[in-house]
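Listed here are the chains, written in short residue letters.
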Amino acid sequence: MLIEETEIRQRVAEMARRIEADYEGREPHFVGVLKGAAIFHADLVRELSLPLTMDFVSISSYGPATSPVGPLSLDKDLEDDIEGKDVILVEDIVDTGRTATFLFQWLPARKPASLRLCALLSKPDRRVFPAHPDYVGFDVPDRFVVGYGLDYNQMYRNLPYIAALRRSRPEPSSAHLEHTATGEP
Ligand code: 5GP
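Below: a short report on this structure. (Residues numbered from 1 in each chain as written. Predicted model: local features only at pLDDT ≥ 70, side-chain atom pairs only at ≥ 80, totals over all residues. Heavy atoms only, no water.)

### A look at the site of the ligand
Neighbouring the ligand are 15 residues, the closest being D92, T96, T99, V145 and D151. Within the side chain of T96, a nitrogen or oxygen atom sits 2.4 Å from an oxygen atom of the ligand. At 2.7 Å from a nitrogen atom of the ligand is found a main-chain nitrogen or oxygen belonging to V145. Counting residues per element, the ones that place at least two in the shell around the ligand are β4 (86-94) and α3 (98-106). Ranked by the residues each element gives to the shell around the ligand, the list is headed by β4, at four residues. Residue composition of the shell around the ligand, by class: five nonpolar, three polar and seven charged. (Near = heavy atom within 4 Å. Polar contact = N/O pair within 3.5 Å; in protein donor to acceptor, adjacent residues only side chain to side chain. Helix = DSSP H or I, 4+ residues; strand = E, 2+ residues; numbered from the N terminus. Nonpolar A, V, L, I, M, F, W, Y, C, P; charged D, E, K, R; others polar.)

Laid out in structure tokens, this is it:
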């Protein structure tokens, strides 16, 4: 267990208050990066008392599940025009920064009025690309984390807390959750 459900809820509310202050009088457009940010995005927008709109993109990378290397591909484009909108990208985690850097290179061509990055988690020690989230929930150590939208082989996204996979040999086929609130799985 790295971050408990109550801590996440409290921090998401704090982030929402900051965004409300920064975007007062405006109607931000929240773009969630699927699938990992889906849960965070849903909780964040429900905390906000601002008028807002939302959309989603999906980016995938190829490579081992615990090591996001390889080419990026855009699996799902935006559905809405973002020209003139105050766009806030919502990511689950900024790791190497490659996904965020890709989106920040690609989206300005669509002429948003502004573009900011909001991430639930950040691994600052892993940064390779120049990604600088404007809003960060928690800095986490260089561990592979799951829960609250984040997966391991598509599993564990529904955990209401964030946990780290146990480092075990051989990786990653015998990786296990280190702890869970219930002792399962
Ligand atoms: P980046 O492009 O910043 O290296 O990585 C971004 C994406 O890699 C995240 O949106 C997430 O899907 C995946 N990722 C990076 N670190 C982790 C991690 O610790 N756990 C999980 N489940 N996904 C991760």
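### Quick notes on the sheet that holds strand β6 (residues 135-139)
Taken together, the six strands give an open sheet; going across it, the order is β3-β2-β1-β4-β5-β6, and neighbouring strands pair in mixed fashion. Unpaired on one side and paired on the other, β3 (72-76) and β6 mark the two borders of the sheet. The sheet shows a mean angle of 25° between the axes of neighbouring strands, direction not considered. Inspection of the sheet shows strand β5 (residues 114-122) paired to β6 by four bridges, in the parallel sense. Residue pairing across strands places S122 opposite D139, the latter belonging to β6. This element, helix α1 (residues 5-22), spans β1 (29-34), β4, β5 and β6 of the sheet and lies at about 160° to β6. Against the sheet, α3 touches β1, β2 (53-61), β3, β4 and β5, its axis set at about 120° to β2. (Pairing = 2+ DSSP bridges. Axes fitted to C-alpha atoms, helices over the stretch in contact; angles between N-to-C directions. Contact = heavy atoms within 4.5 Å.)

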